[in-house]
Amino acid sequence: MNQELEAIINFKNSEQDLWFKCIETARGSIHARDLTDCELSKIAKASSTPQSFSTITKLIYRFTRSNPNGHQAVNVLFSSVDNSQYSLSEWIDAIEFFSNWLDERERKTPWPTLLGYLSCCSESPENKDIKHNLTLLLKDMLTTYDYEG
C-alpha cells in the first residue's frame, strides 16, 4: 500500500482498522488500471465513513468486472462531479443513499445510469437559485418521480 493511502488511514484513525481493511479490499479487488492509487486516495479522502467508501468502491468494482474499459467508471464519476456544483464528498453521500435505496427494493442499476440520475437531480430546476443538499434532493426526486433505471 502506498504512503498516501496509509496517511489517509492514519488521518481517519477513529476507525483505523476498518479503514485499512476497506482500502486494502478495494485495492485488492479493483485493478490499478481501472482505479489508480491517486483516484482511490481521492475517493477515500472524500468518503465520510468506511461504509460509504466501501459502497462506492463496490459499485466501481461491479462496473469494472463487466466492462473492458473499467476505468470509465472512475472517469464518469469524476466528470459528473466536475460538471456539477457539488463536491466529491456530496456525490459519495448521495451515491451511498441511492445504493441503499436500490438495495432495499432489491434492485440494481448500471453505474452510468445511477450517475446520470444524480446528474439530473443536481441540474433540476429546483436547484438553480438555491443549492440544495444533493442527498436530500435525490430523496425528493425518488419520492416524487421514482426511478425507472
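Residues numbered from 1 in each chain as written. Predicted model: local features only at pLDDT ≥ 70, side-chain atom pairs only at ≥ 80, totals over all residues. Heavy atoms only, no water.

Draft legend 1. Here's a closer look at the confidence of the model for the protein chain. Here the protein chain shows a mean pLDDT of 89. Residues at 70 or above account for 89%. At the low end of the mean pLDDT range in the protein chain sits helix H1 (residues 3-11), at 60; at the high end sits helix H6 (residues 88-104), at 97. (pLDDT = per-residue confidence, 0-100. Helix = DSSP H or I, 4+ residues; strand = E, 2+ residues; numbered from the N terminus.)

Draft legend 2. Inspection of unusual backbone geometry at higher detail. Phi angles above zero are rare outside glycine, and Glu 106 is one such case at about 55°. Position of Glu 106 relative to the elements: it lies in the loop between H6 and helix H7 (111-122). Given the relative accessible area of 74%, Glu 106 is considered exposed. We note that Asp 146 has phi near 65°; this positive angle belongs to a residue other than glycine. On the secondary structure map, Asp 146 appears in the segment after helix H8 (134-145). (Buried < 20%, exposed > 50% of the residue type's maximum accessible area, 1.4 Å probe, protein only.)

Draft legend 3. How the structure looks around the packing of helix H4 (residues 50-66) against H6. The interhelical angle for the contact between H4 and H6, taken along N-to-C directions, is 70°, at an axis separation of 9 Å. The orientation of H4 relative to H6 falls into the category roughly perpendicular. Packed against H4, whose contacting residues are Gln 51, Ser 52, Thr 55, Ile 56, Lys 58 and Leu 59, the element H6 presents Ile 92, Ile 95, Glu 96, Ser 99 and Asp 103 at the interface. Its residues assigned to classes, the contact of H4 with H6 shows four nonpolar, four polar and three charged. (Axes fitted to C-alpha atoms, helices over the stretch in contact; angles between N-to-C directions. Parallel < 35°, antiparallel > 145°, perpendicular 65-115°, else oblique. Contact = heavy atoms within 4.5 Å. Nonpolar A, V, L, I, M, F, W, Y, C, P; charged D, E, K, R; others polar.)

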